[in-house]
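# Residue-level structural notes
Take a look at the letters that make up each chain.
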Amino acid sequence: AGILNFCANNYLGLSSHPEVIRAAVEALEKFGAGLSSVRFICGTQSIHKDLEEKIAHFHQREDAILYASCFDANAGIFEALLTPEDAVLSDELNHASIIDGIRLCKANKYRYKHMDMQDLEAKLQDAQKHRLRLVATDGAFSMDGDIAPLREICQLAQKYDALVFVDECHATGFLGPNGRGTDELLGVMDKVTIINSTLGKALGGAAGGYTTGPKPLIDLLRQRSRPYLFSNSLPPAVVGCASKALDLLLESNAIAQSMAAKTQRFRSKMTAAGFTISGKDHPICPVMLGDARLAAVMAEDMLNRGIYVIGFSYPVVPKGKARIRVQISAVHSDEDIDRCVEAFTEVGRKHGALP
(Lines give C-alpha, C1' and ligand atoms only; values in the text may rest on other atoms or scores of the structure.)
Protein backbone atom coordinates (compact mmCIF):
# COMPACT_ATOMS: atom_id res chain seq x y z
CA ALA A 1 0.00 0.00 0.00
CA GLY A 2 1.17 3.51 -0.78
CA ILE A 3 3.85 2.46 -3.30
CA LEU A 4 4.41 4.92 -6.17
CA ASN A 5 5.41 3.28 -9.46
CA PHE A 6 8.19 5.25 -11.18
CA CYS A 7 9.42 2.55 -13.57
CA ALA A 8 6.46 1.78 -15.87
CA ASN A 9 6.06 2.68 -19.54
CA ASN A 10 2.59 4.01 -18.68
CA TYR A 11 3.53 7.50 -19.84
CA LEU A 12 -0.01 8.88 -20.13
CA GLY A 13 -1.58 6.90 -17.31
CA LEU A 14 -4.04 5.36 -19.77
CA SER A 15 -3.60 1.75 -18.63
CA SER A 16 -5.77 2.61 -15.62
CA HIS A 17 -8.03 5.16 -17.35
CA PRO A 18 -11.68 4.22 -16.72
CA GLU A 19 -12.75 4.85 -20.34
CA VAL A 20 -9.90 2.68 -21.65
CA ILE A 21 -10.82 -0.14 -19.27
CA ARG A 22 -14.50 0.15 -20.19
CA ALA A 23 -13.68 -0.02 -23.91
CA ALA A 24 -11.68 -3.22 -23.36
CA VAL A 25 -14.56 -4.83 -21.45
CA GLU A 26 -17.08 -3.85 -24.13
CA ALA A 27 -14.86 -5.26 -26.90
CA LEU A 28 -14.39 -8.49 -24.92
CA GLU A 29 -18.13 -8.92 -24.46
CA LYS A 30 -19.00 -8.06 -28.08
CA PHE A 31 -16.18 -9.77 -29.99
CA GLY A 32 -15.02 -12.54 -27.64
CA ALA A 33 -11.73 -13.42 -25.96
CA GLY A 34 -9.83 -14.11 -29.17
CA LEU A 35 -10.09 -15.40 -32.71
CA SER A 36 -7.90 -18.51 -32.60
CA SER A 37 -6.51 -17.50 -35.96
CA VAL A 38 -4.06 -15.37 -37.87
CA ARG A 39 -5.35 -12.33 -39.71
CA PHE A 40 -5.49 -13.72 -43.26
CA ILE A 41 -7.55 -16.79 -42.32
CA CYS A 42 -10.39 -15.78 -39.97
CA GLY A 43 -8.57 -13.44 -37.61
CA THR A 44 -9.73 -10.08 -38.97
CA GLN A 45 -12.70 -8.29 -37.44
CA SER A 46 -14.03 -4.80 -38.10
CA ILE A 47 -12.27 -3.49 -34.98
CA HIS A 48 -8.85 -4.52 -36.37
CA LYS A 49 -9.44 -2.60 -39.60
CA ASP A 50 -10.84 0.37 -37.70
CA LEU A 51 -7.79 0.51 -35.42
CA GLU A 52 -5.39 0.34 -38.36
CA GLU A 53 -7.22 3.25 -40.00
CA LYS A 54 -7.11 5.20 -36.75
CA ILE A 55 -3.35 4.61 -36.34
CA ALA A 56 -2.68 5.80 -39.90
CA HIS A 57 -4.85 8.87 -39.31
CA PHE A 58 -3.09 9.65 -36.02
CA HIS A 59 0.36 9.48 -37.64
CA GLN A 60 -0.90 11.16 -40.84
CA ARG A 61 0.22 8.19 -42.94
CA GLU A 62 -1.50 6.25 -45.72
CA ASP A 63 -2.00 2.89 -44.01
CA ALA A 64 -1.05 0.75 -41.01
CA ILE A 65 -0.69 -2.93 -40.09
CA LEU A 66 -1.11 -4.47 -36.62
CA TYR A 67 1.24 -6.94 -34.93
CA ALA A 68 1.21 -8.80 -31.63
CA SER A 69 4.01 -6.47 -30.44
CA CYS A 70 6.40 -3.88 -31.80
CA PHE A 71 9.13 -6.50 -31.39
CA ASP A 72 7.21 -8.48 -34.03
CA ALA A 73 6.79 -5.38 -36.19
CA ASN A 74 10.56 -4.82 -36.11
CA ALA A 75 11.19 -8.51 -36.77
CA GLY A 76 8.90 -8.45 -39.78
CA ILE A 77 9.78 -5.34 -41.75
CA PHE A 78 13.45 -5.53 -42.76
CA GLU A 79 13.35 -9.05 -44.20
CA ALA A 80 10.22 -8.24 -46.21
CA LEU A 81 11.48 -4.90 -47.52
CA LEU A 82 15.22 -5.30 -48.13
CA THR A 83 17.12 -7.56 -50.53
CA PRO A 84 20.84 -8.44 -50.86
CA GLU A 85 21.10 -5.49 -53.25
CA ASP A 86 20.06 -3.02 -50.51
CA ALA A 87 21.66 -1.48 -47.42
CA VAL A 88 20.43 -0.71 -43.93
CA LEU A 89 22.20 1.80 -41.68
CA SER A 90 21.47 1.39 -37.97
CA ASP A 91 22.31 3.47 -34.88
CA GLU A 92 24.57 1.39 -32.64
CA LEU A 93 22.24 1.84 -29.64
CA ASN A 94 19.04 0.86 -31.41
CA HIS A 95 16.61 -1.39 -29.54
CA ALA A 96 17.32 -5.13 -29.53
CA SER A 97 14.25 -5.78 -31.67
CA ILE A 98 15.60 -3.55 -34.45
CA ILE A 99 18.96 -5.30 -34.25
CA ASP A 100 17.30 -8.72 -34.41
CA GLY A 101 15.07 -7.65 -37.30
CA ILE A 102 18.07 -6.41 -39.27
CA ARG A 103 19.89 -9.69 -38.63
CA LEU A 104 17.04 -11.55 -40.34
CA CYS A 105 17.37 -9.63 -43.60
CA LYS A 106 19.97 -10.18 -46.32
CA ALA A 107 20.75 -6.50 -46.90
CA ASN A 108 24.21 -5.04 -46.47
CA LYS A 109 24.50 -3.84 -42.87
CA TYR A 110 26.12 -0.64 -41.60
CA ARG A 111 26.22 0.48 -37.97
CA TYR A 112 26.88 4.13 -37.24
CA LYS A 113 27.99 5.66 -33.94
CA HIS A 114 25.19 6.74 -31.62
CA MET A 115 23.54 9.89 -33.02
CA ASP A 116 26.81 10.73 -34.84
CA MET A 117 25.79 12.45 -38.06
CA GLN A 118 29.33 12.64 -39.40
CA ASP A 119 29.67 8.87 -39.11
CA LEU A 120 26.21 8.32 -40.62
CA GLU A 121 27.14 10.49 -43.61
CA ALA A 122 30.34 8.51 -44.15
CA LYS A 123 28.35 5.26 -44.05
CA LEU A 124 25.74 6.69 -46.46
CA GLN A 125 28.51 7.65 -48.88
CA ASP A 126 29.87 4.12 -48.74
CA ALA A 127 26.38 2.68 -49.23
CA GLN A 128 25.73 4.57 -52.47
CA LYS A 129 26.71 1.46 -54.42
CA HIS A 130 23.59 -0.33 -53.19
CA ARG A 131 20.12 -0.23 -54.80
CA LEU A 132 18.17 1.11 -51.80
CA ARG A 133 19.34 2.64 -48.53
CA LEU A 134 17.32 2.61 -45.30
CA VAL A 135 18.40 4.54 -42.19
CA ALA A 136 16.97 2.93 -39.05
CA THR A 137 16.85 4.64 -35.66
CA ASP A 138 14.93 4.77 -32.42
CA GLY A 139 13.08 8.05 -32.08
CA ALA A 140 13.74 8.11 -28.33
CA PHE A 141 16.35 5.74 -26.92
CA SER A 142 14.90 3.81 -24.00
CA MET A 143 18.02 3.37 -21.87
CA ASP A 144 19.37 6.91 -22.11
CA GLY A 145 16.33 9.11 -22.60
CA ASP A 146 17.88 10.92 -25.55
CA ILE A 147 16.09 11.84 -28.76
CA ALA A 148 17.42 11.07 -32.23
CA PRO A 149 18.43 14.10 -34.34
CA LEU A 150 15.75 13.40 -36.93
CA ARG A 151 16.12 16.74 -38.72
CA GLU A 152 19.75 16.01 -39.50
CA ILE A 153 19.03 12.35 -40.31
CA CYS A 154 16.32 13.35 -42.76
CA GLN A 155 18.58 15.96 -44.37
CA LEU A 156 21.26 13.32 -44.92
CA ALA A 157 18.70 10.84 -46.19
CA GLN A 158 17.47 13.37 -48.72
CA LYS A 159 21.03 14.19 -49.77
CA TYR A 160 21.94 10.54 -50.31
CA ASP A 161 18.55 9.30 -51.57
CA ALA A 162 17.75 7.11 -48.56
CA LEU A 163 14.56 6.17 -46.70
CA VAL A 164 14.12 6.80 -42.96
CA PHE A 165 12.68 4.28 -40.51
CA VAL A 166 11.90 5.32 -36.90
CA ASP A 167 10.91 3.18 -33.93
CA GLU A 168 8.61 5.39 -31.85
CA CYS A 169 7.82 3.07 -28.91
CA HIS A 170 9.08 5.61 -26.36
CA ALA A 171 7.60 8.63 -28.13
CA THR A 172 4.13 7.79 -29.45
CA GLY A 173 1.41 9.49 -27.45
CA PHE A 174 3.40 12.15 -25.63
CA LEU A 175 6.21 13.70 -27.69
CA GLY A 176 5.27 16.52 -30.04
CA PRO A 177 2.44 19.07 -29.71
CA ASN A 178 -0.21 16.39 -30.31
CA GLY A 179 1.72 13.37 -29.06
CA ARG A 180 2.44 12.00 -32.53
CA GLY A 181 6.10 11.38 -31.74
CA THR A 182 9.60 12.59 -32.47
CA ASP A 183 8.87 13.30 -36.13
CA GLU A 184 6.15 15.75 -35.06
CA LEU A 185 8.33 17.15 -32.26
CA LEU A 186 11.14 17.91 -34.72
CA GLY A 187 8.96 18.93 -37.67
CA VAL A 188 9.84 16.12 -40.10
CA MET A 189 6.59 14.16 -40.35
CA ASP A 190 6.66 14.46 -44.14
CA LYS A 191 10.26 13.18 -44.36
CA VAL A 192 10.09 9.99 -42.25
CA THR A 193 9.00 7.12 -44.49
CA ILE A 194 8.22 4.34 -42.01
CA ILE A 195 7.15 4.35 -38.36
CA ASN A 196 6.99 1.32 -36.10
CA SER A 197 5.51 1.70 -32.63
CA THR A 198 3.68 -0.01 -29.80
CA LEU A 199 0.25 -0.12 -28.21
CA GLY A 200 1.80 -1.52 -25.03
CA LYS A 201 3.24 1.66 -23.54
CA ALA A 202 1.51 5.05 -23.72
CA LEU A 203 -1.45 3.77 -25.80
CA GLY A 204 -3.18 1.69 -23.17
CA GLY A 205 -0.28 -0.34 -21.86
CA ALA A 206 -1.57 -3.79 -22.83
CA ALA A 207 0.09 -5.27 -25.92
CA GLY A 208 0.35 -4.89 -29.67
CA GLY A 209 2.48 -3.04 -32.18
CA TYR A 210 2.23 -1.67 -35.69
CA THR A 211 3.90 -0.35 -38.80
CA THR A 212 2.51 2.74 -40.51
CA GLY A 213 3.66 4.32 -43.76
CA PRO A 214 3.03 4.22 -47.52
CA LYS A 215 0.19 1.93 -48.61
CA PRO A 216 2.36 -0.11 -51.03
CA LEU A 217 4.67 -0.96 -48.12
CA ILE A 218 1.78 -2.03 -45.89
CA ASP A 219 0.37 -4.14 -48.74
CA LEU A 220 3.78 -5.81 -49.09
CA LEU A 221 3.94 -6.55 -45.35
CA ARG A 222 0.50 -8.17 -45.39
CA GLN A 223 1.82 -10.58 -48.02
CA ARG A 224 5.37 -11.21 -46.81
CA SER A 225 5.88 -10.22 -43.16
CA ARG A 226 6.24 -13.50 -41.28
CA PRO A 227 5.27 -12.32 -37.75
CA TYR A 228 2.05 -10.92 -39.22
CA LEU A 229 1.29 -13.98 -41.32
CA PHE A 230 2.00 -16.55 -38.63
CA SER A 231 0.89 -14.92 -35.35
CA ASN A 232 -2.63 -14.76 -33.94
CA SER A 233 -4.44 -11.47 -34.43
CA LEU A 234 -4.67 -9.07 -31.52
CA PRO A 235 -7.35 -9.99 -28.93
CA PRO A 236 -10.46 -7.78 -29.11
CA ALA A 237 -9.95 -6.42 -25.59
CA VAL A 238 -6.47 -5.17 -26.52
CA VAL A 239 -7.81 -3.61 -29.71
CA GLY A 240 -10.61 -1.94 -27.75
CA CYS A 241 -8.39 -0.30 -25.16
CA ALA A 242 -5.82 0.86 -27.74
CA SER A 243 -8.57 2.32 -29.92
CA LYS A 244 -10.02 4.26 -26.99
CA ALA A 245 -6.55 5.52 -26.03
CA LEU A 246 -6.13 6.92 -29.54
CA ASP A 247 -9.60 8.48 -29.37
CA LEU A 248 -8.60 10.32 -26.20
CA LEU A 249 -5.42 11.64 -27.86
CA LEU A 250 -7.25 12.69 -31.02
CA GLU A 251 -9.88 14.54 -28.96
CA SER A 252 -7.38 16.56 -26.92
CA ASN A 253 -3.64 17.09 -26.59
CA ALA A 254 -3.94 18.08 -22.91
CA ILE A 255 -2.59 14.80 -21.53
CA ALA A 256 0.36 14.79 -23.93
CA GLN A 257 1.22 18.41 -23.15
CA SER A 258 1.12 17.80 -19.39
CA MET A 259 4.20 15.60 -19.67
CA ALA A 260 6.70 18.36 -20.43
CA ALA A 261 6.22 20.24 -17.13
CA LYS A 262 6.26 17.05 -15.04
CA THR A 263 9.42 15.83 -16.76
CA GLN A 264 11.15 19.19 -16.29
CA ARG A 265 10.16 19.27 -12.61
CA PHE A 266 11.80 15.91 -11.91
CA ARG A 267 14.91 16.54 -14.00
CA SER A 268 15.59 20.01 -12.55
CA LYS A 269 15.03 18.98 -8.93
CA MET A 270 17.21 15.88 -9.27
CA THR A 271 19.98 17.88 -10.95
CA ALA A 272 19.77 20.51 -8.20
CA ALA A 273 20.12 17.73 -5.63
CA GLY A 274 23.40 16.69 -7.25
CA PHE A 275 22.40 13.73 -9.43
CA THR A 276 23.41 13.25 -13.05
CA ILE A 277 20.36 12.63 -15.25
CA SER A 278 20.99 11.28 -18.74
CA GLY A 279 19.05 12.40 -21.82
CA LYS A 280 17.13 15.59 -22.30
CA ASP A 281 13.45 16.65 -22.14
CA HIS A 282 12.20 13.05 -22.10
CA PRO A 283 10.18 11.33 -19.33
CA ILE A 284 12.79 8.56 -19.34
CA CYS A 285 15.13 9.97 -16.72
CA PRO A 286 18.14 7.68 -16.09
CA VAL A 287 19.79 8.47 -12.75
CA MET A 288 23.42 7.67 -13.59
CA LEU A 289 25.28 5.88 -10.79
CA GLY A 290 28.00 3.87 -12.54
CA ASP A 291 28.26 1.01 -10.04
CA ALA A 292 25.91 -1.95 -10.48
CA ARG A 293 25.72 -2.81 -6.78
CA LEU A 294 25.03 0.81 -5.85
CA ALA A 295 22.14 0.91 -8.33
CA ALA A 296 20.68 -2.30 -6.88
CA VAL A 297 20.89 -1.33 -3.20
CA MET A 298 19.59 2.18 -3.85
CA ALA A 299 16.60 0.79 -5.74
CA GLU A 300 15.90 -1.56 -2.82
CA ASP A 301 16.05 1.31 -0.34
CA MET A 302 13.81 3.44 -2.56
CA LEU A 303 11.15 0.72 -2.36
CA ASN A 304 11.41 0.80 1.43
CA ARG A 305 10.54 4.49 1.15
CA GLY A 306 7.51 3.81 -1.05
CA ILE A 307 9.10 4.47 -4.48
CA TYR A 308 9.26 1.59 -6.95
CA VAL A 309 12.25 1.88 -9.32
CA ILE A 310 14.64 -0.66 -10.83
CA GLY A 311 18.43 -0.61 -11.19
CA PHE A 312 19.86 -1.33 -14.65
CA SER A 313 23.36 -2.73 -15.12
CA TYR A 314 25.40 -4.84 -17.56
CA PRO A 315 24.45 -6.50 -19.91
CA VAL A 316 21.32 -4.32 -20.26
CA VAL A 317 23.56 -1.24 -20.31
CA PRO A 318 27.35 -1.00 -20.85
CA LYS A 319 29.73 -1.81 -17.99
CA GLY A 320 30.33 1.20 -15.78
CA LYS A 321 27.03 2.80 -16.89
CA ALA A 322 24.71 1.37 -14.22
CA ARG A 323 21.69 3.50 -13.46
CA ILE A 324 18.21 3.68 -12.01
CA ARG A 325 15.83 4.47 -14.86
CA VAL A 326 12.98 6.66 -13.64
CA GLN A 327 9.97 7.13 -15.91
CA ILE A 328 7.56 10.01 -15.39
CA SER A 329 3.85 9.51 -16.03
CA ALA A 330 0.98 11.94 -16.55
CA VAL A 331 -0.70 10.42 -13.49
CA HIS A 332 2.19 11.48 -11.23
CA SER A 333 1.24 14.57 -9.27
CA ASP A 334 3.75 17.28 -8.38
CA GLU A 335 3.63 15.91 -4.84
CA ASP A 336 4.47 12.41 -6.13
CA ILE A 337 7.45 13.76 -8.06
CA ASP A 338 8.70 15.75 -5.07
CA ARG A 339 8.34 12.66 -2.85
CA CYS A 340 10.42 10.66 -5.34
CA VAL A 341 13.17 13.31 -5.42
CA GLU A 342 13.19 13.47 -1.61
CA ALA A 343 13.58 9.70 -1.37
CA PHE A 344 16.40 9.71 -3.94
CA THR A 345 18.19 12.43 -1.99
CA GLU A 346 17.93 10.52 1.29
CA VAL A 347 19.03 7.23 -0.24
CA GLY A 348 21.78 8.87 -2.29
CA ARG A 349 23.33 10.43 0.80
CA LYS A 350 23.03 7.18 2.75
CA HIS A 351 24.96 5.21 0.10
CA GLY A 352 27.48 7.89 -0.85
CA ALA A 353 26.02 8.75 -4.25
CA LEU A 354 25.61 12.32 -2.98
CA PRO A 355 27.92 14.29 -0.71
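Rules behind the numbers
The numbers attached to residues start from 1 for each chain and follow its sequence in the written order. The predicted origin of the model limits local features to residues at a pLDDT of at least 70 and limits the giving and counting of side-chain atom pairs to 80 or more, whereas totals for whole chains, interfaces and linings rest on all residues. For side-chain calculations, the full set of non-hydrogen atoms in the structure is used, while hydrogens and water are omitted. UniProt positions are given in the numbering used here, feature names are shortened, and annotations may be inferred rather than shown by experiment. Summary of the burial criterion: residues with accessible area below 20% of their type's maximum are buried, those above 50% are exposed, and those between are partly exposed, where the area comes from a 1.4 Å probe applied to protein chains only. A run of H or I in DSSP becomes a helix once it reaches four residues, and a run of E becomes a strand once it reaches two; helices and strands are each numbered from the N terminus. Strand pairing requires that DSSP identify at least two bridges connecting the strands. A clockwise course of the path from the first strand over the helix to the second, judged with the strands pointing away from the viewer, identifies a crossover as right-handed. Residues count as neighbours in contact if any of their non-hydrogen atoms are within 4.5 Å of one another. Note on geometry: axes are C-alpha line fits, over the in-contact stretch for helices, and angles between N-to-C directions span 0 to 180 degrees. For classification, angles of less than 35 degrees are called roughly parallel, those exceeding 145 degrees roughly antiparallel, those between 65 and 115 degrees roughly perpendicular, and all remaining angles oblique. For any helix crossing, the convention is left-handed if the near helix is rotated counterclockwise from the far helix by under a right angle, and right-handed if that rotation is clockwise. Under the grouping applied here, Gly and all other residues not named as nonpolar or charged are polar, the nonpolar ones being Ala, Val, Leu, Ile, Met, Phe, Trp, Tyr, Cys and Pro and the charged ones Asp, Glu, Lys and Arg.

In the annotation of an unreviewed UniProt entry, the entry for the protein chain reads 2-amino-3-ketobutyrate coenzyme A ligase, mitochondrial, and the organism field reads Aptenodytes forsteri. In UniProt, the protein chain has this text filed under Catalytic activity (unreviewed entry): "glycine + acetyl-CoA = (2S)-2-amino-3-oxobutanoate + CoA". Under Sequence similarities (unreviewed entry), UniProt gives the following word-for-word description of the protein chain: "Belongs to the class-II pyridoxal-phosphate-dependent aminotransferase family."

For a regular strand, side chains alternate in direction, first toward one face of the sheet and then toward the other. Within strand E6 (residues 163-167), 4 of the 5 residues are buried, which leaves the element mostly enclosed by the surrounding structure. Summarising the sheet, strand E5 (residues 133-138) and E6 pair through 5 bridges and their orientation is parallel. Looking across to E6, one finds that valine 135 is bridged to valine 164. Taken together, E5, helix H6 (residues 150-159) and E6 form a β-α-β motif whose crossover is right-handed. Looking at chain direction, E6 and strand E7 (residues 194-198) are connected through 3 bridges and run parallel. When the sheet's bridge partners are listed, aspartate 167 is paired in E7 with asparagine 196.

The next thing to look at is the environment of leucine 93. Tracing the backbone shows leucine 93 in the loop between strand E3 (87-91) and helix H4 (96-104). Between the C-alpha atom of leucine 93 and that of alanine 27, which follows or precedes it by 66 residues, the distance is 38 Å. When sequence neighbours within four positions are dropped, the list of residues in contact with leucine 93 reads His114, Asp138, Phe141 and Asp144.

This part takes up the sheet that holds strand E11 (residues 311-312). The strand order across the open sheet formed by 3 strands is E9-E12-E11, and the pairing between neighbours is antiparallel. In this open sheet, the two strands that pair with only one neighbour each are strand E9 (284-290) and E11. Alignment of E9 against strand E12 (residues 322-327), held across 6 bridges, turns out to be antiparallel. Pairing of cysteine 285 across the sheet is with valine 326, part of E12. Against the sheet, helix H12 (residues 292-304) engages E9, E11 and E12, with an angle of about 40° to E12.

Time to look at the packing of H12 against helix H13 (residues 334-350). As a packed pair, H12 and H13 sit with axes 10 Å apart at the nearest point and diverge in direction by 130°. Viewed along their axes, H12 and H13 adopt a mutual orientation that is oblique. Of the two elements, H12 crosses H13, and the hand of that crossing is right-handed. Contact residues: H12 offers Met298, Asp301 and Met302, while H13 offers Cys340, Ala343, Phe344, Val347, Gly348 and Lys350. In terms of residue class, the contact of H12 with H13 is built from 6 nonpolar, 1 polar and 2 charged.

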